[in-house]
Amino acid sequence: MIAKTEEDFNGLKEIGKICGAIRDELVQCTKPGITTKELDEIAEEMFKKAGAQSAPKGEYDFPGITCISINEEVAHGIPSERIIQEGDLVNIDVSGSKNGYFADTGISFVVGKGDKTLQKICDVAKEAFDAGLEKAKPGSKKSALGKAVHNVAKRHGLTVIKNLTGHGVGRSIHEAPEHIFNYFSRWDDEILQDRMVIAFEPFISTFEEEVFQSEDGWTFLTDESFVAQYEHTIILTKEGPIITTL
């Protein structure tokens, strides 16, 4: 969407703050021994207290309030009785709505002490986000964000997932622009507009560049790679990007 009014900005900031708070609380609660369903129940209670709704549940009838993915799961993991272990790579993705405004945010992290490679891809995902954020300006080409992300990945001997992308957000959970690639495409020459709202989400991979959908119809997997994501909802302005989900 294009945020046009003060009401738009306030509504986007409010749901962004809610989703960011839920994300951070779930990260803090992610300890060895807890199940992903227990984490999801915490999110459900927080959404209720905030007077907000889960976007995947409300928009797509997802079998959970949040998406929680572990290790081989890259995105859209279904909360379950799966127990989180020391050293697991966990991704928590929180998206929601309130008063007709939406926000989307996610982060990957290692539980406790884990493999150095797992921590590396989490760190590089954040670095790639920051590099892309510098290009997130009205008047810039959308492809500049993907180029920045891929360049960071390559510099660290890593790659990106090409069939998972960022997207527009605001009045619905997925809207125009339909995709924000994590790599450079010379044909992707759409110009970013002032006050455009996007969910920017680099996916950094150890070596595979595509995910596939599991038999559950929701979860995205890789065969052998590990993948880390870092995502925020951003309002692009001439004065600089406003991250609503910090």
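Residues numbered from 1 in each chain as written. Predicted model: local features only at pLDDT ≥ 70, side-chain atom pairs only at ≥ 80, totals over all residues. Heavy atoms only, no water.

Some remarks on the overall build of the protein chain
Then, in step 1: Each helix and strand counted, the protein chain has 5 helices and 14 strands in total.
Then, in step 2: For a compact globule of 246 residues, the expected C-alpha radius of gyration is about 18 Å, and the protein chain comes in at 17 Å, within 12% of that figure.
Then, in step 3: Relative to its 246 residues, the protein chain shows a buried fraction of 55%.
Then, in step 4: A sequence separation of at least 24 residues applies to 68% of the contacts in the protein chain between residues at least 6 apart.
Then, in step 5: Charged side chains of the protein chain number 27 positive and 41 negative; the gap between the two group centres comes to 7 Å. (Helix = DSSP H or I, 4+ residues; strand = E, 2+ residues; numbered from the N terminus. Rg over C-alpha atoms; globule rule 2.2 N^0.38 Å. Buried < 20%, exposed > 50% of the residue type's maximum accessible area, 1.4 Å probe, protein only. Contact = heavy atoms within 4.5 Å. Lys, Arg positive; Asp, Glu negative; His and termini not counted. Charge placed at Lys NZ, Arg CZ, Asp CG, Glu CD.)

Some words on the pattern of salt bridges
Then, in step 1: Counting across every chain of the model gives 10 salt bridges.
Then, in step 2: The salt bridge involving Lys 126 is made with Asp 130; its shortest N-O contact spans 2.7 Å. Separated by 4 residues within a single helix, Lys 126 and Asp 130 lie in helix H4 (residues 116-133), roughly one turn from each other.
Then, in step 3: Its salt-bridge partner being Arg 155, residue Glu 127 comes within 3.0 Å of it at the nearest N-O pair. In this pair, Glu 127 is assigned in helix H4 and Arg 155 in helix H5 (residues 143-155), connecting sequence segments 28 residues apart.
Then, in step 4: Residue Glu 127 is classed as partly exposed on the basis of its relative accessible area of 30%.
Then, in step 5: On the basis of relative accessibility, which here comes to 57%, the residue Arg 155 falls in the exposed class.
Then, in step 6: Through salt bridges with shared partners, a single network forms among Glu 72, Glu 73 and Arg 82. (Salt bridge = Lys/Arg side-chain N within 4 Å of Asp/Glu carboxyl O.)

Topic: the packing of helix H1 (residues 6-29) against helix H2 (residues 36-50)
Then, in step 1: Look at H1 against H2: their axes get within 10 Å of each other, and the N-to-C directions meet at 150°. In terms of orientation, H1 lies roughly antiparallel with respect to H2. The hand of the H1/H2 crossing is right-handed. Residue-level contacts link Ile 18, Ala 21, Ile 22, Glu 25, Leu 26 and Cys 29 of H1 to Leu 39, Ile 42, Ala 43, Met 46, Phe 47 and Ala 50 of H2.
Then, in step 2: Here the residues of the contact of H1 with H2 sort into 11 nonpolar, no polar and 1 charged. (Axes fitted to C-alpha atoms, helices over the stretch in contact; angles between N-to-C directions. Parallel < 35°, antiparallel > 145°, perpendicular 65-115°, else oblique. Left-handed = near helix turned anticlockwise from the far one by under 90°. Nonpolar A, V, L, I, M, F, W, Y, C, P; charged D, E, K, R; others polar.)

Thoughts on unusual backbone geometry
Then, in step 1: Residue Ala 176 is joined to Pro 177 through a cis peptide bond whose omega torsion reads -5°.
Then, in step 2: Looking at where Pro 177 falls in the secondary structure, it is placed in strand S8 (residues 175-180).
Then, in step 3: The backbone of His 76 shows a phi angle near 60°, a positive value even though the residue is not glycine.

Some points on the UniProt feature "domain: Peptidase M24" (unreviewed entry) in the protein chain
Then, in step 1: Mapped onto this numbering, the UniProt entry gives "domain: Peptidase M24" (unreviewed entry) at residues 11-238.
Then, in step 2: Across residues 11-238, the secondary structure splits into 31% helix and 26% strand, with the terminal C-alpha atoms separated by 20 Å. (UniProt positions renumbered as here; feature names shortened; annotations may be inferred.)

Here's the deal with the environment of Glu 178
Then, in step 1: Structurally, Glu 178 can be placed in strand S8.
Then, in step 2: With a relative accessible area of 70%, Glu 178 lands in the exposed category.
Then, in step 3: Among residues more than four places away in sequence, those in contact with Glu 178 are Thr 165, Gly 166 and His 167.

Considerations on the environment of Gly 157
Then, in step 1: Among the structural elements, Gly 157 can be located in the loop between H5 and strand S6 (159-160).
Then, in step 2: Accessibility expressed as a relative area gives 59% for Gly 157, which makes it exposed.

Thoughts on H2
Then, in step 1: The end-to-end C-alpha distance of H2 is 21 Å, a good match for the 21 Å that 15 residues give at a rise of 1.5 Å each.
Then, in step 2: Taken together, the buried positions of H2 are occupied by Thr 36, Leu 39, Asp 40, Ala 43 and Phe 47. All buried residues of H2 project into a common sector of 100° when viewed along the axis, lining one side. Residues of H2 that are exposed and point over 90 degrees away from its buried face: Lys 48 and Lys 49.
Then, in step 3: For H2, the elements touching its buried residues are H1, strand S1 (53-54), strand S2 (67-70) and strand S4 (89-98). (Expected span 1.5 Å × (residues − 1). Arc of directions from axis to C-beta.)

Comments concerning the packing of H4 against H5
Then, in step 1: At their nearest, the axes of H4 and H5 sit 8 Å apart, and the two run at 145° to each other. For the pair H4 and H5, the sense of crossing is right-handed. Across the interface between the two elements, Val 124, Glu 127, Ala 128, Ala 131 and Gly 132 of H4 pack against Leu 145, Ala 148, Val 149, Val 152, Ala 153 and Arg 155 of H5.
Then, in step 2: The residue inventory of the contact of H4 with H5, partitioned by class, reads 8 nonpolar, 1 polar and 2 charged.

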